[in-house]
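Chain by chain, the residues run as shown.
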Amino acid sequence: MFNSLAEVLARLQRAERVLVIGHIKPDGDDISSVASLVLILRKMGKIAEGCIADDIPWFYKEIPGVSLIKSVSELRNYRYDTAVTVDASELARIGDAVKLLSGAKPDVTIDHHKTNTRFGEINFCDSDYAAAALAIYEIGRETVDYDPDLAEVNLLGIATDTGFFKYGNTDAKVFTYAAELVKQGADIQRIASAVLEHTTLNEIKLVVEMFNTLSLAMDGKLAWAHVSTEMLTRNNCTEQDTEGLVGQIRSIHGVEVAILFIEWPHNHVHISFRSKSYADVSEIALKFGGGGHARAAGCSCKDVELPTMIDKVIAAAKEYLAVAHLEE
Ligand code: AMP
Ligand code: MN
Ligand code: MN
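Source: prediction; values computed, not measured.

As for the domain arrangement of the protein
For interface size, the figure often reported is the accessible area lost on association. Examined at the domain level, the protein breaks down into domain 1 (5–196) and domain 2 (201–327). Contact with domain 1, which involves 14 residues of that partner, is made by twelve residues of domain 2. Between domain 1 and domain 2, the buried area comes to about 1,000 Å², and carbon and sulfur atoms account for 44% of it. At the boundary of domain 1 with domain 2, the tally comes to two salt bridges. Asp280 is paired through a salt bridge with Lys114; the nearest N and O atoms lie 2.3 Å apart. The tally of links from domain 1 across to domain 2 stands at six residue pairs in polar contact (both at pLDDT 80 or more). Class assignment for the residues of the side of domain 1 that touches domain 2 results in seven nonpolar, three polar and four charged.

This is the structure we're talking about:
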């Protein structure tokens, strides 16, 4: 069973020096949850640092608080009494930040993934929460006064994990908390502009190449495409520039499951799954060692060949969809 948020809060109140860790391939919710929790803990009078092992995409840095997040090497000598992970479903998701734990379990984990493995001492996880940042807000509003910077970075995760208030997880709580954060000074337009309007010409060229690889099957319910290392380097892009591409595949009319294969680096394939209304893509991702949510999941496979992975995953997706469609 999971612990309550009250138990998490009681544990955090006892802490003096905290390390907050997010997941690799950071997204808006991850970045928001790390930065917001660090700011909340500092307002509570504690010493707190935030760490994400992978580089943070540049466009998030326009949002206040994001730049406080440090790399693993910057925090190598940081002493803490309490380690907290946020938005990570399993220990492997924190990547190299695991080195900072020196073999111990995190003291607290705060998450919202269906596939969470309860890898900490105290674990809060509720998949009814649209974003980990909602749980962070519930901690923050109990303990500190919000200023506009904290409100804005806390809203970032709520906005991004709900696809800017349009995915199926966008419930009344999302709007209530978002309204409270806007009242406290968060600028949603700045968040939207930073996250949604940063496309470069190179990325547009990459999108064109990606759509040239598009395939559809199962009466148009399944769509997939790939981005190879070669395509990325040819367009001066990196894996970071692929964020949002799988959403474009899902946006095709009639598509229920969208899958994007990203090869980066060579023979290392990350697979992003998205579904529109009924398929639980975390079930497909789990088969390949990944996980996630019903409508957004992923997995990463090392030392594999892109065409082989495409064949295997598409076969599994077809098998899943054949049954899911009948149950729908
Ligand atoms: P992505 O397609 O990379 O944006 O990931 C979509 C969702 O799947 C995210 O919410 C992640 O938490 C989850 N996810 C992605 N990659 C993995 C992985 N390798 N293992 C477990 N969960 C993952
Ligand atoms: Mn995340
Ligand atoms: Mn999340």
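Some words on the site of ligand 1
Near ligand 1, the surroundings consist of 16 residues, among which His113, His270, Ser272, Arg274 and Gly298 are the closest. Here Arg274 contributes a side-chain N or O atom positioned 2.8 Å from an oxygen atom of ligand 1. Contact between ligand 1 and Gly291: a nitrogen atom at 3.3 Å from a main-chain N or O atom of the residue. For ligand 1, whose free accessible area comes to 480 Å², the fraction covered by protein is 87%. If you list the elements that add at least two residues to the shell around ligand 1, you get β9 (268–275), β10 (291–292) and β11 (296–302). Sorting elements by how many residues they give to the shell around ligand 1 places β11 first, with five residues. Here the residues of the shell around ligand 1 sort into three nonpolar, nine polar and four charged.

Things to note about the coordination of the manganese ion (ligand 3)
Any two of four tetrahedral donors ideally make an angle of 109.5 degrees at the metal, while pairs among six octahedral donors ideally make 90 or 180 degrees. Protein ligation of the manganese ion (ligand 3) involves Asp29 (OD), Asp87 (OD), His112 (NE2) and Asp161 (OD), the donor distances falling in the range 2.1 to 2.3 Å. Counting gaps between the donor residues of the manganese ion (ligand 3) yields the pattern D-x57-D-x24-H-x48-D. The metal-metal distance between the manganese ion (ligand 3) and the manganese ion (ligand 2) comes to 3.6 Å, with Asp87 coordinating both. In this pair, Asp29 is assigned in helix α2 (residues 28–43) and Asp161 in helix α4 (residues 148–161), connecting sequence segments 132 residues apart. For Asp29, a relative accessible area of 0% translates into the label buried. Accessibility expressed as a relative area gives 16% for Asp161, which makes it buried.

Parameters and conventions
- Residues numbered from 1 in each chain as written.
- Chains lettered and ligands numbered in written order.
- Predicted model: local features only at pLDDT ≥ 70, side-chain atom pairs only at ≥ 80, totals over all residues.
- Heavy atoms only, no water.
- Domains from an automatic or database assignment.
- Contact = heavy atoms within 4.5 Å.
- Buried area = accessible area lost by both parts, 1.4 Å probe.
- Salt bridge = Lys/Arg side-chain N within 4 Å of Asp/Glu carboxyl O.
- Polar contact = N/O pair within 3.5 Å; in protein donor to acceptor, adjacent residues only side chain to side chain.
- Nonpolar A, V, L, I, M, F, W, Y, C, P; charged D, E, K, R; others polar.
- Near = heavy atom within 4 Å.
- Areas by Shrake-Rupley, 256 points an atom, 1.4 Å probe, with all protein chains shown as cover.
- Helix = DSSP H or I, 4+ residues; strand = E, 2+ residues; numbered from the N terminus.
- Donors = N, O, S within 2.8 Å, 3.2 Å for Na, K, Ca; no water.
- Buried < 20%, exposed > 50% of the residue type's maximum accessible area, 1.4 Å probe, protein only.

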